[in-house]
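# Summary of structural features
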Amino acid sequence: MHQTRRIDTLTEERIDRIRWIAKQHYRVTDAWLMLEGEDLQWCRTDTGSASVAIPDALSLCHHTIRHDALLVIEDALMHPDYVEHPLVVGSPHLRFYAGVPVRDIEGFGIGTLCLIDTAPISASALNFEMLGVLANQVEDEIGLHLLTRRPPGLTPDDIDPLTGLPNRRLLQVLMKAELALARQCRGHLSICLINLDGFKSINDSHGNSAGDTVLRVIAERLRDAVRRKDLVAHLGGDEFVVILRDRLQPEACHRILDQIRIPIQISEHVHSLTASMGVTGYPEDEEDTDALLHHAYQAMYSAKEAGKNGYCRFDLGLHHSRRERLSIAREVWQALSLQQLELFYQPKIDYHHDTVAGFEGLLRWRLPSGEILTPGYFLPSIANTWLDIEVGKYVIDEALRALEEIMRLGLPYSISINVSPSSFRDSGFIDHLHRALANRDRELVGRLTLEILESISPQEDMEAIVVNIQACLQLGLQLSLDDFGTGQSSLSYLRTFPTQKIKIDRSFVIGMLDNPEDEAIVTAIIDLSKTFNRLVIGEGVENSAIEARLKSLGCDLGQGFYYSPALPFEEALQWADAYPS
């Protein structure tokens, strides 16, 4: 037991003198010094020293350290957690306990100085201030000799010579120890990354000597702003780290930042500083030391962007969401490379001739297990990225291959595909279309319709989108305005986008029989389409009643589960061949 061997080397007479003072002052049976080890507790009493094995759940010393403050049990026989304690039911038949934490030079709780009595005592009858003073004396006696959790091999190179604080290297070691202890004891840590606002101007205007003085003052203030058990380190330059052994409360943040705001006078100059602080915490942010510091940095930069002179907490939910999106994006890229993405085809019915007019190609991800994933699972994770554009190119190429097969079979069908705003904004989009359509039959090109998602087309990029739309028309492609009616500028888009077709959003079509407002919107869109000489498609046809109503309103085409879900290419052709059946 490492702790016991270290304690045995100390001057026990001095510790016994402190215990005797506590015993006489409080008139109790005994005063104990208890120190925690990895699997045993070392206890110094009037009867001498002993090592005992007591589970953490029953350890009064452990509970005092975790409580991190005075812990009083007035009558152990009346306390449900301790009535069966071995020191209560057995020798010394403890009834009263009052303990305060004893810490090492790093501020780690390592044991307790406690009052013991064989009779119950009311806490209101005692003033425990002296017990705290005596515990501090015990800490001084233990001093540099007790290194139970202090990193081995500590050298002057681990201490920043300017501020006297642990440097970056030692911080990493101390943080690992703190995390290990927090995990073991189910504790909490708060990591605060502090960057001084405007510190560079002090160096530039008054020299490095003035800057060094400011850093020393800030280091001392940070030590004063936190508790003895907390850790302050200097990363270098104008950056500091504070590790608090607790959940971070707003009061602690304000206290730290308020200390930094106090003006600093150097010679005839007064320097006023503020700081930006980023905060993250364990176990909410359950990462290693490097990741925790990185997250605190991210939060600090957010504080800078928010106007400085304040703090920001690391947004764990946003971080996890971002990590999940990145993970899915990597999987999508791999799926694209392995050709696991494919188009399924949902038929569109021509209401004027009751025939299959064509299909919409809808992206699917076929996993090696055979499971089919729909776009809602993976497309949001790659939206507005380069991968979104690459997938869009793949969809175009697949649709063209399907059209080649349709024409080879002598079938009259067309195909429409969704094209994201990212693709329409991309400068290489038209170049890819030129290469994909080169040497292809003009009729084939005319059977491909690109659907523009009206509800998510960003206004600030409208000019670039319209330029690419015009280029698509010049190539002979058909264009359709998708999910029409859901955006805030539908009428403007109808005028701006020179498309040949308009697709009514499925939410209006599905609700039109039960909601008069939805039906009014559908009617208005169909009438507008006729006015602008556009072909109109109703999406979301779920039953014969919806089909009948769309036909009566003059809708040109319908699409939905009433006819068929999206099917693999061969199955879609077989379905179309049998329609109507």
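This one's a predicted model, so the numbers in the text were calculated from it and none came from an experiment. (Residues numbered from 1 in each chain as written. Predicted model: local features only at pLDDT ≥ 70, side-chain atom pairs only at ≥ 80, totals over all residues. Heavy atoms only, no water.)

Our focus in this paragraph is the packing of aromatic side chains. In this description, a pair of aromatic rings is defined by centroid distance and the angle of the planes. According to the stated counting rule, one finds 10 aromatic pairs in the structure shown. Relative to Phe128, the ring of Tyr26 has its centre 6.1 Å away and its plane inclined at 20°; by these criteria the two rings are stacked. With Tyr26 in helix H2 (residues 12-26) and Phe128 in the loop between strand E6 (109-117) and helix H5 (129-142), this pair connects stretches of sequence that are 102 residues apart. Exposure class is identical for Tyr26 and Phe128. Each is buried. With a centroid separation of 5.5 Å and 90° between ring planes, the pair formed by Trp365 and Phe378 is classed as edge-to-face. Placement of Trp365 in strand E15 (residues 355-366) and of Phe378 in helix H12 (residues 375-382) is noted, with a sequence separation of 13 residues between them. In this pair, the class of Trp365 matches that of Phe378, namely buried. Here a set of aromatic residues connected by ring pairs shows up, and it is made of Tyr345, Phe359, Tyr413 and Phe569. (Phe/Tyr/Trp six-rings, centres within 6.5 Å; stacked < 30°, edge-to-face > 60°. Helix = DSSP H or I, 4+ residues; strand = E, 2+ residues; numbered from the N terminus. Buried < 20%, exposed > 50% of the residue type's maximum accessible area, 1.4 Å probe, protein only.)

Another aspect to go through is the pairing of E15. The buried count for E15 comes to nine of 12 residues, which makes it a mostly enclosed element. One ladder, built from 10 bridges, connects strand E14 (residues 341-350) with E15; its direction is antiparallel. Looking at E15, one finds that Asp350 is bridged to Thr355. As consecutive antiparallel partners, E14 and E15 are separated by four residues, and within that stretch Asp354 has a phi angle of approximately 50°, a positive value. Of the strand pairs in this sheet, E15 and strand E17 (residues 414-419) are connected by four bridges, and their pairing is parallel. Its bridge partner lying in E17, Gly358 is registered against Ser414. Across two bridges, E15 lies against strand E16 (residues 372-373) in antiparallel orientation. (Pairing = 2+ DSSP bridges.)

The next subject is the pairing of strand E8 (residues 231-236). Among the six residues in E8, five count as buried, and that is most of the element. As paired strands, E8 and strand E9 (residues 239-244) are joined by five bridges and run antiparallel to one another. Bridge assignment links Gly236 to a residue of E9, and that residue is Glu239. Connecting E8 to the next strand, E9, in antiparallel fashion are two residues, including Gly237 with a positive phi near 60°.

Below, the discussion takes up the packing of helix H15 (residues 429-437) against helix H17 (residues 462-474). Relative orientation of the contacting elements H15 and H17 amounts to 10°, with a least axis distance of 10 Å. Comparing the axis directions of H15 and H17 gives the class roughly parallel. Contact with H15, carried on its side by Phe429, Ile430 and Leu433, involves Asn468, Ala471 and Cys472 of H17 and no other residues of that element. In terms of residue class, the contact of H15 with H17 is made up of five nonpolar, one polar and no charged. (Axes fitted to C-alpha atoms, helices over the stretch in contact; angles between N-to-C directions. Parallel < 35°, antiparallel > 145°, perpendicular 65-115°, else oblique. Contact = heavy atoms within 4.5 Å. Nonpolar A, V, L, I, M, F, W, Y, C, P; charged D, E, K, R; others polar.)

So, about the confidence of the model for the protein chain. Looking at the protein chain, pLDDT values average 84 and 88% of them are 70 or higher. At the level of individual helices and strands, the protein chain shows its lowest average pLDDT in helix H1 (residues 2-8), which scores 41, and its highest in strand E22 (residues 557-559), which scores 96. Every residue in residues 1-10 is under pLDDT 50, and counting partners more than four places away or in other chains gives 22 contacts. (pLDDT = per-residue confidence, 0-100.)

Before going further, it helps to spend a moment on helix H3 (residues 60-67). An α-helix turns once per 3.6 residues; consequently, residues spaced three or four apart project the same way. Those residues of H3 that sit buried are Leu60, Cys61, His62, Thr64 and Ile65. Where H3 is buried, its residues contact strand E1 (30-36), strand E2 (41-45), strand E4 (71-73), strand E5 (96-103), E6 and helix H6 (168-185). Just past H3, the residue Asp68 takes up positive phi, approximately 60°.

Turning next to the environment of Glu390. The residue Glu390 is located in helix H13 (residues 386-408) in this model. The exposure class of Glu390 is partly exposed, given its relative accessible area of 29%. For the pair formed by Glu390 and Leu336, sequence separation is 54 residues and the distance between their alpha carbons is 8.8 Å.

This paragraph deals with the side chain of Lys503. In this fold, Lys503 is placed in strand E20 (residues 501-504). Reaching out from Lys503, the side chain makes a polar contact with the side chain of Glu360 at a distance of 2.8 Å. There is a polar contact of 3.0 Å between the side chain of Lys503 and the side chain of Glu451. In this view, Lys503 contacts Lys348, Glu360, Glu451, Ser480, Leu481, Asp482, Asp483, Phe484, Ile537, Glu539 and Gln559; residues no more than four positions away in its chain are not counted. (Polar contact = N/O pair within 3.5 Å; in protein donor to acceptor, adjacent residues only side chain to side chain.)

Take unusual backbone geometry next. A cis geometry characterises the amide bond from Ser91 onward to Pro92, with omega recorded as 10°. With respect to the secondary-structure elements, Pro92 resides in the loop between helix H4 (86-89) and E5. Each neighbour pair has its own omega, and for Tyr579 with Pro580 the value is -15°, a cis peptide bond. Topologically, Pro580 is positioned in the segment after helix H22 (569-578).

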